[in-house]
Amino acid sequence: MFKPFLTLVLAATALSAAAHPHAHTHGLMALDVAVDARTITLAIAAPLDSFLGFERAPRNAAERQQVADMVARLKAADKLFQPDAAAACQLATVDLESPALGLGVAHGHGEKDEHADIAVDIVFTCAKTAAARFIDVKLFDAYPRLRSIDTQVAAPQGQFKRSLRPGAARLGLTR
């Protein structure tokens, strides 16, 4: 029922990101959330610095371990994002993309750009999506370099923006 709406919202988000390719601020993350009949979809875009403290391919064993830990933590997205239990959601998929780290790139060649980012797409399938009133976001605890999350939500109740900060990291899904 909401698929055309979701597609339109995600396309608008992609166009917005493409229009601002240099909107790269350390400590800031963009989070787009789309709620439809059976899923909650999250799309993250952030500088690698917000997760790792560097924005390039790892140069030593310690940095490689740090990247591996970040990937494992993000793949366990249900620990970082906890939708309202009333919605009965389960983590379905997590896709990561960062050319600098060789994630999600067919050939795995790292970027030479000094401002490397990561994109994460997360999908939860839910038995009662309409019952979801919030998502608890645990990213600030996991990544202390993160200072702010700018969110855009597209839900059956409408579209709106929110800003999350440490200590205020519950994302309401209603207006």
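Residues numbered from 1 in each chain as written. Predicted model: local features only at pLDDT ≥ 70, side-chain atom pairs only at ≥ 80, totals over all residues. Heavy atoms only, no water.

Novice: Describe the sheet that holds strand β9 (residues 170–172), and please don't skip the residues or the numbers.
Specialist: Spatial strand order, β3-β6-β9: three strands in an open sheet with antiparallel pairing. Bordering the open sheet on either side are β3 (81–83) and β9, each of which pairs with just one other strand. Averaged over all neighbouring strand pairs, the angle between strand axes comes to 20°, with direction disregarded. Here three bridges tie strand β6 (residues 134–137) to β9, and the two strands are oriented antiparallel to one another. Within the sheet, the bridge partner assigned to Phe134 lies in β9 and is Gly172. (Pairing = 2+ DSSP bridges. Helix = DSSP H or I, 4+ residues; strand = E, 2+ residues; numbered from the N terminus. Axes fitted to C-alpha atoms, helices over the stretch in contact; angles between N-to-C directions.)

Novice: Can you tell me about the nonpolar core, naming the residues and giving the values?
Specialist: Within soluble globular proteins, side chains that are nonpolar tend to cluster in buried spots. Val33, Ile40 and Phe81 are the most contacted members of the largest nonpolar core, which has 48 residues in total. The element contributing the most residues to this core is strand β5 (residues 117–126), with five residues. The residues contacting Phe81, other than those within four sequence positions of it, are Leu31, Leu42, Ile44, Ile122, Phe124, Ile135, Asp136, Val137 and Leu139. (Core = buried A, V, L, I, M, F, W, Y, C linked by side-chain atoms within 4.5 Å. Buried < 20%, exposed > 50% of the residue type's maximum accessible area, 1.4 Å probe, protein only. Contact = heavy atoms within 4.5 Å.)

Novice: Could you give me a rundown of the pairing of strand β7 (residues 148–155), with the residues and numbers involved?
Specialist: Counting buried positions along β7 yields six of eight residues, so the element is predominantly enclosed. As defined by bridge partners, strand β1 (residues 28–35) adjoins β7 across seven bridges and the pair is classed as parallel. The residue of β7 that forms the bridge with Val33 is Val153. In terms of strand pairing, β7 meets strand β8 (residues 158–164) through seven bridges, oriented antiparallel. Bridging from a neighbouring strand, Ala154 pairs with Gln159 of β8. Connecting the antiparallel pair β7 and β8 is a turn made up of two residues.

Novice: Give a detailed account of the confidence of the model for the protein chain, specifying residues and quantitative values.
Specialist: Confidence in the prediction for the protein chain averages 85 pLDDT; 81% of positions are at 70 or higher. Contacts from residues 1–22, a stretch scored under 50 in pLDDT, to residues over four places away or in other chains number 12 contacts. Counting interchain partners and residues more than four positions distant, the pLDDT-below-50 stretch residues 107–111 has seven contacts. (pLDDT = per-residue confidence, 0-100.)

Novice: Any details on the state of the cysteines? Residues and values, ideally.
Specialist: Taken as a whole, this structure holds one disulfide when the rule is applied. What pairs with Cys89 in a disulfide is Cys126, and their sulfur atoms sit 2.1 Å apart. Residues Cys89 and Cys126 share a disulfide whose torsion about the S-S bond is about 100°; that sign makes it right-handed. Within this pair, whereas Cys89 is found in strand β4 (residues 89–97), its partner Cys126 is found in strand β5, the two being separated by 37 residues in sequence. Like Cys126, Cys89 is buried. (Disulfide = S-S within 2.5 Å.)

Novice: Break down the sheet that holds β8 for me, with residues and values.
Specialist: Spatial ordering of the open sheet is given by β4-β5-β2-β1-β7-β8, a layout of six strands whose pairing is mixed. A single partner strand is all that each edge strand has here, and the edge strands are β4 and β8. This sheet shows a mean twist of 15° between the axes of neighbouring strands, independent of strand direction. Across six bridges, β1 lies against strand β2 (residues 39–47) in antiparallel orientation. Bridge assignment links Ala30 to a residue of β2, and that residue is Ala45. Against the sheet, helix α3 (residues 61–75) engages β4 and β5, with an angle of about 145° to β4.

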